Amino acid sequence: MKILDMKHIKKHFGDNDVLKDISFSVEEGDVVSIIGPSGSGKSTLLRIATFLETMDDGELSYLDKQVVESVGGHAIYKKQLQKEAMHCFGLVFQNYNLFPHFNVMKNIVDAPIRIQKRDKEEVYKEARALLKKMGLEDKEKAYPSELSGGQKQRVSIARALAMKPRILFFDEPTSALDPELTQEILKVIKELADEKMTMVIVTHEMSFAHDVSTRMIFMDQGVIVEETTPDQMFASENERTRAFLGKHHELA
Amino acid sequence: MKKVLKLFVMIMLSFTCLSMFSVDAHAKEKVLTVGFDQECPPFGFVDNDKNFVGFDIDLAREAAKRLGYKLKLQPIDWDSKDMELDSGHIDCIWNAFTINGREDKYTWTKPYLNNSQVFVVRKSDKIKSHDDLKNKIVEVQKDSSAEAALESEEHRELAKSFKSMIKIGSYQTALLELEQGSVDAVAMDYYVARYMIKEKDTLTIVNENISKEQYGIGFKKGNTKLRDEIQKTVDAMKKDGTFNKISDKWFGSDVTTKKMTLPQIMYQLLDGMMKSLKIFFFTLLFSLPLGLFVALARMSKNKVIQNITKFYISIMRGTPLMLQMFVVYFGPFYLFNMPSPARGFAVIFAFVINYAAYFGEIFRSGIASMEKGQYEAAQLLGYSSFQTFFVIILPQVIKRILPSITNEVITLVKDTSLAFAIAYVEMFSQAKVIAANQKSMMPFVAAAIFYYVFNFIVAVLMEHCEKLMDYYD
């Protein structure tokens with residue numbers, strides 16, 4: 001079953017065509033890594049998939065329900081379906097965006113209780129389990145400002161997971177972290193992959209992307225240059241891909 | 001966002017309704033509202049027991065009794081006496097009110113007292129005549145008969161010979177300045193002067209008059225019906241000796257004021273204090289939430305709402321609060337010929353719309369300082385824009401703007417004293433009134449203590465609030 005299906009996505013900022021006719025889809029259980037140089041449109045693609053940005057033209061479906069359709073060269077959003085689709089994905093930001101005035105626990109449980117109106121006790125129970133999984137069981141009452149960057153990012157992953165998304169997006173989740181903390185986060189994502197969580201990860205961690213992904217996408221200048229398995233990606237004959245992967249090329 | 005705007009409109013509407021209902025109750029009962037300057041002993045002032053007393057007050061009381069009116073004594077700010085009279089807040093001015101020079105401005109009774117304008121000087125300066133005032137600094141009360149006399153054609157040479165002529169709000173302050181030497185002479189009514197310097201050995205009255213004049217009771221131009229009623233009664237009082245009795249009581253040689261102790265002064269200030277507190281609390285109660293709506297309207301994507309709000313803010317910040325109070329209080333009458341709102345209501349209304357503009361800009365700066373990521377995270381988790389604002393954004397904004405809010409709140413404590421402009425007798429006006437009765441600076445010291453303590457408490461409370469929000473960075 002296709003969780004996400006994006007077709008012919010176009011987006012420009014001023015004179016700059018950020019996305020030029022991008023199409024890709026994500027099956028259940030897929031772990032898709034998107035790599036590419038800065039400014040290639042990776043983050044914009046994620047932001048369009050999560051409705052933080054609107055596309056100019058294209059089609060978008062979640063769980064086979066078409067949320068955006070293309071009519072006469074313009075993207076038309078269906079508000080009601082968009083609202084429903086909001087529930088099937090989560091996003092982990094590069095800079096966490098935790099709520100600083102909520103403690104760790106409240107950051108995780110507030111939306112499930114307030115928005116999803118789920119049973120309070122059950123949500124707390126699940127949240128504790130998630131924190132344990134993230135190795136943060138002793139940080140329940142801490143405020144975000146008291147945590148390290150790696151801990152903050154783990155809380156933000158827990159916050160996204162607490163909403164029980166069908167697909168989880170990561171927008172450069174380790175870019176703000178030092179190598180040691182980066183490993184913490186990558187370990188968590190790896191565990192999620194092992195549990196068959198459907199994920200789309202925008203990242204610059206090449207070897208990690210190779211290890212964790214079922215599929216890799218290389219983007220440059222608003223187009224998808226290559227989309228293939230990790231092994232084939234690293235063995236690519238494409239000049240642009242080879243140039244970008246550089247020394248990582250040998251990894252394959 | 002639409003919900004927020006709806007709420008905003010509803011609050012504004014209920015505010016307007018409130019203003020309709022709280023107009024001065026000119027009930028069916030016959031009421032005579034007498035306007036007077038309560039800092040003008042012995043004609044009208046406040047005694048040690050907080051009653052309005054004085055020569056004119058006694059006359060008015062007796063006249064009202066004889067005519068079957070319920071007497072309402074309304075202290076006014078002398079500067080706005082014409083607006084008070086025109087708009088019907090008061091029926092007459094009965095308060096050492098000089099006819100000369102104002103003959104055509106009011107409908108007058110016949111004169112009931114002969115007065116003159118004189119100079120009060122320090123004994124030690126040995127000023128005996130107008131010639132001795134050459135190159136001296138002379139002070140007069142604004143909009144008073146003494147001012148009018150010195151500015152008339154007749155006294156042009158005399159006024160020119162002064163080093164300078166200063167205009168000030170009250171006799172009381174003028175005499176204090178004279179005593180401590182910053183001015184050399186005060187031009188004022190003979191009777192008022194005689195009463196006020198009775199216990200000040202250092203001051204004396206120059207024998208040479210500036211001008212002779214007569215006191216009358218002034219009514220709104222054309223109100224001859226009420227004038228005739230009062231005239232008849234005053235004539236009767238003169239005939240049966242009541243007038244003379246009252247005159248002896250206030251102008252006889254044995255009239256003195258008992259000195260009050262500081263605790264007594266404080267006790268008297270209590271009324272004013274309560275009114276200052278009332279302005280303070282109601283202003284905060286309404287202007288803080290209103291300020292939030294102002295900020296939201298100011299940041300609205302709708303250009304019309306945005307520009308209207310911008311205009312409102314620029315008016316509120318660009319004109320004095322005192323002027324805004326005049327508009328709120330006198331505006332309904334002058335613009336729409338409608339009755340004016342109650343004084344207390346007008347004060348609070350003006351304060352609320354003024355402070356809401358300032359708070360609105362503070363809220364706006366706080367909201368603008370919030371990171372975009374907070375909105376995005378909330379949107380991703382499914383918070384509605386309403387929930388995002390009140391659950392995620394506002395609590396953080398409040399923490400950020402608390403220091404600026406504290407500043408405004410402290411300014412508000414001090415601004416409450418502006419309410420005197422429409423004769424709402426709060427703390428500071430009350431202090432001036434007692435100072436007039438007591439002829440001393442003590443009430444101002446007491447007032448200063450009050451303001452300081454009040455602000456001290458406010459500062460401590462706000463600091464406590466800041467600490468409460470210190471649980472996160």
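Residues numbered from 1 in each chain as written. Chains lettered and ligands numbered in written order. Predicted model: local features only at pLDDT ≥ 70, side-chain atom pairs only at ≥ 80, totals over all residues. Heavy atoms only, no water.

**Q** Looking at this structure, how should I read the overall build of chain A?
**A** A tally of regular secondary structure across chain A gives nine helices and eleven strands. Dimensions of chain A, computed from the C-alpha atoms along their principal axes, are close to 50 × 45 × 35 Å. A burial count over chain A gives 56% of its 252 residues as buried. If you take every contact in chain A between residues at least 6 apart in sequence, the share linking residues at least 24 apart comes to 61%. Total accessible area on chain A is roughly 11,200 Å²; 47% of this is exposed by carbon and sulfur atoms. Put simply, chain A has 34 plus and 40 minus side-chain charges, and the middle of one group is 6 Å from the middle of the other. (Helix = DSSP H or I, 4+ residues; strand = E, 2+ residues; numbered from the N terminus. Buried < 20%, exposed > 50% of the residue type's maximum accessible area, 1.4 Å probe, protein only. Contact = heavy atoms within 4.5 Å. Areas by Shrake-Rupley, 256 points an atom, 1.4 Å probe, with all protein chains shown as cover. Lys, Arg positive; Asp, Glu negative; His and termini not counted. Charge placed at Lys NZ, Arg CZ, Asp CG, Glu CD.)

**Q** Before we go on, may I ask you to explain the interface of chain A and chain B in this structure?
**A** Many analyses report the size of an interface as the accessible area lost when the parts associate. The partner chain B presents 19 residues to the 22 residues of chain A that form the contact. Carbon and sulfur atoms supply 64% of the area buried between chain A and chain B, which totals about 2,000 Å² over both sides. On the surface where chain A and chain B come into contact, there are one salt bridge. As a salt-bridge pair, R47(A) and E376(B) come within 2.5 Å of each other at their nearest N and O atoms. Those elements that place two or more of their residues in the side of chain A that touches chain B are β7 (89–92) and α3 (104–114) of chain A. (Buried area = accessible area lost by both parts, 1.4 Å probe. Salt bridge = Lys/Arg side-chain N within 4 Å of Asp/Glu carboxyl O.)

**Q** Sorry, what's going on with the packing of helix α10 (residues 262–298) of chain B against helix α11 (residues 303–318) of chain B here?
**A** For any two helices packed against each other, the geometry comes down to the angle between their axes and how far apart the axes lie. Residues and elements named next belong to chain B. Relative to each other, α10 and α11 sit at 130°, their axes nearing to 8 Å. Put simply, α10 runs oblique to α11. In this structure, α10 contributes V294, A297 and R298 to the contact, and α11 contributes I305, Q306, T309, K310, Y312 and I313. Its residues placed into classes, the contact of α10 with α11 shows five nonpolar, two polar and two charged. (Axes fitted to C-alpha atoms, helices over the stretch in contact; angles between N-to-C directions. Parallel < 35°, antiparallel > 145°, perpendicular 65-115°, else oblique. Nonpolar A, V, L, I, M, F, W, Y, C, P; charged D, E, K, R; others polar.)

**Q** In this structure, what is going on with helix α13 (residues 343–368) of chain B? I would like to understand it.
**A** Along an α-helix, residues three or four positions apart point the same way, because every turn accommodates 3.6 residues. Between its first and last C-alpha, α13(B) extends 37 Å over 26 residues, near the 38 Å set by a 1.5 Å rise per residue. In terms of burial, α13(B) is a largely internal element, 21 of the 26 residues being buried. (Expected span 1.5 Å × (residues − 1).)

**Q** Looking at this model, I keep getting lost on a nonpolar patch on the surface. Mind explaining?
**A** All names here are of chain B. Taken together, the side chains of L262, M442, V445, I449, Y452, V453, F456, I457, V460 and L461 make up a nonpolar region of the molecular surface, amounting to roughly 890 Å² of accessible area. Considering each element in turn, the nonpolar patch owes the most residues, nine residues, to helix α17 (residues 442–468). Residue position: V453 is located in helix α17. Take V453: its relative accessible area is 41%, and that puts it in the partly exposed class. (Patch = residues over 30% accessible without salt bridge, like charges linked within 9 Å, V, L, I, M, F, W, Y side chains within 5 Å.)

**Q** I'm lost on the sheet that holds strand β11 (residues 223–228) of chain A in this one. Help?
**A** Strand pairing in a sheet relies on backbone hydrogen bonds. The paired strands run either parallel or antiparallel. All names here are of chain A. The mixed open sheet is built from six strands, whose spatial order is β7-β8-β9-β3-β10-β11. Edge positions in the sheet fall to β7 and β11, since each of these pairs with one other strand and no more. Recorded for the sheet is a direction-independent mean angle of 15° between the axes of neighbouring strands. Bridge analysis of strand β3 (residues 31–35) against strand β9 (residues 198–202) gives four bridges, and the strand direction is parallel. Each residue of the ladder has a partner; that of S33, found in β9, is I201. Strands in contact with helix α1 (residues 42–49) are β3, β7, β8 (167–171), β9 and β10 (215–220); relative to β8, the strand with the most contacts, it is inclined by about 145°. Helix α5 (residues 149–162) contacts β7 and β8 of the sheet and is inclined by roughly 170° relative to β7. (Pairing = 2+ DSSP bridges.)

**Q** Quick question: what am I supposed to make of the pairing of strand β5 (residues 65–71) of chain A here?
**A** Where a strand is regular, its side chains alternate between the two sheet faces. Residue and element names in this part refer to chain A. Sheet topology places strand β4 (residues 57–62) next to β5; three bridges connect them, and they run antiparallel. The residue bridging Y62 from the neighbouring strand is K65, located in β5. In textbook terms, the turn of a hairpin is the stretch between consecutive antiparallel strands, and for β4 and β5 this stretch comprises two residues, one of which, L63, has a positive phi near 50°. The turn joining β5 and strand β6 (residues 74–77), which pair antiparallel and follow one another in sequence, is formed by two residues; a positive phi near 55° is taken by G72.

**Q** Would you mind showing me how to read the domain arrangement of chain B here?
**A** Residues and elements named next belong to chain B. Along its sequence, chain B is organised into domain 1 (31–110 + 217–251), domain 2 (113–213) and domain 3 (266–468). At the interface, six residues of domain 2 touch five residues of domain 3. Interface of domain 2 and domain 3: buried area, both sides summed, is about 550 Å²; carbon and sulfur atoms make up 59% of it. Ranking the residues of domain 2 by area buried against domain 3 places Q172, L176 and Y195 at the top, with a combined share of 62%. (Domains from an automatic or database assignment.)

**Q** Sorry if this is basic, but what is going on with the packing of aromatic side chains here?
**A** By convention here, two paired aromatic rings are described through the distance between centres and the angle between planes. Applying the stated criterion across every chain yields a total of 44 aromatic pairs over all chains. With a centroid separation of 6.2 Å and 65° between ring planes, the pair formed by F51(A) and Y62(A) is classed as edge-to-face. Taken as a pair, F51(A) in the loop between α1 and β4 and Y62(A) in strand β4 lie far apart in primary sequence, eleven residues in all. For the pair F51(A) and Y62(A), one class covers both residues: buried. Each ring, one from F389(B) and one from F390(B), has its centre 5.1 Å from the other, and the planes form 90°; the classification is edge-to-face. Given the relative accessible area of 11%, F389(B) is considered buried. The ring of Y424(B) carries K275(B) above its face, with NZ or CZ at 5.2 Å from the centroid. (Phe/Tyr/Trp six-rings, centres within 6.5 Å; stacked < 30°, edge-to-face > 60°. Lys NZ or Arg CZ within 6 Å of the ring centre and 35° of its normal.)

**Q** What should I look at first to understand the pattern of salt bridges in this one?
**A** A side chain with one charge may pair with a side chain of the opposite charge, provided their charged atoms come close. Residue and element names in this part refer to chain A. The full count for this structure, using the stated rule, is 37 salt bridges over all chains. Here D110 and R114 are joined by a salt bridge, their closest N and O atoms 3.0 Å apart. Here the residue D110 and the residue R114 both occupy positions in helix α3, the gap between them amounting to four residues, near one helical turn. On the accessibility criterion, R114 (28% relative accessible area) is partly exposed.

**Q** Where do I start with the UniProt feature "transmembrane region" (unreviewed entry) in chain B in this structure?
**A** All names here are of chain B. Per the UniProt annotation, the sites labelled "transmembrane region" (unreviewed entry) are residues 279–297, 318–336, 342–359, 380–398 and 442–462. The distance from the first to the last C-alpha atom of residues 279–297 is 26 Å, and the span holds 100% helix and 0% strand. For residues 442–462, helix accounts for 100% and strand for 0%, while the C-alpha atoms at its two ends are 30 Å apart. (UniProt positions renumbered as here; feature names shortened; annotations may be inferred.)

**Q** Explanation requested: the environment of I137(B) in the structure shown.
**A** All names here are of chain B. Among the secondary structure elements, I137 is positioned in strand β8 (residues 137–141). A sequence separation of 26 residues divides I137 from K163, and the C-alpha atoms of the two residues are 5.4 Å apart. Excluding residues within four positions of it along the chain, I137 makes contact with K163, S164, I166, S182, V183, D184 and A185.

**Q** Help me out: how do you make sense of the sheet that holds strand β1 (residues 2–13) of chain A in this one?
**A** Residues and elements named next belong to chain A. Reading across the sheet, the five strands line up as β2-β1-β4-β5-β6 and stay open at both edges, with antiparallel pairing between neighbours. Both edges of this open sheet fall to β2 (16–27) and β6, since each of them pairs with a single strand only. Strand-to-strand twist in this sheet, taken as the mean axis angle between neighbours without regard to direction, amounts to 15°. The pairing of β1 with β4 spans five bridges and is classified as antiparallel. For M6, the partnering residue across the bridge sits in β4 and is L60.

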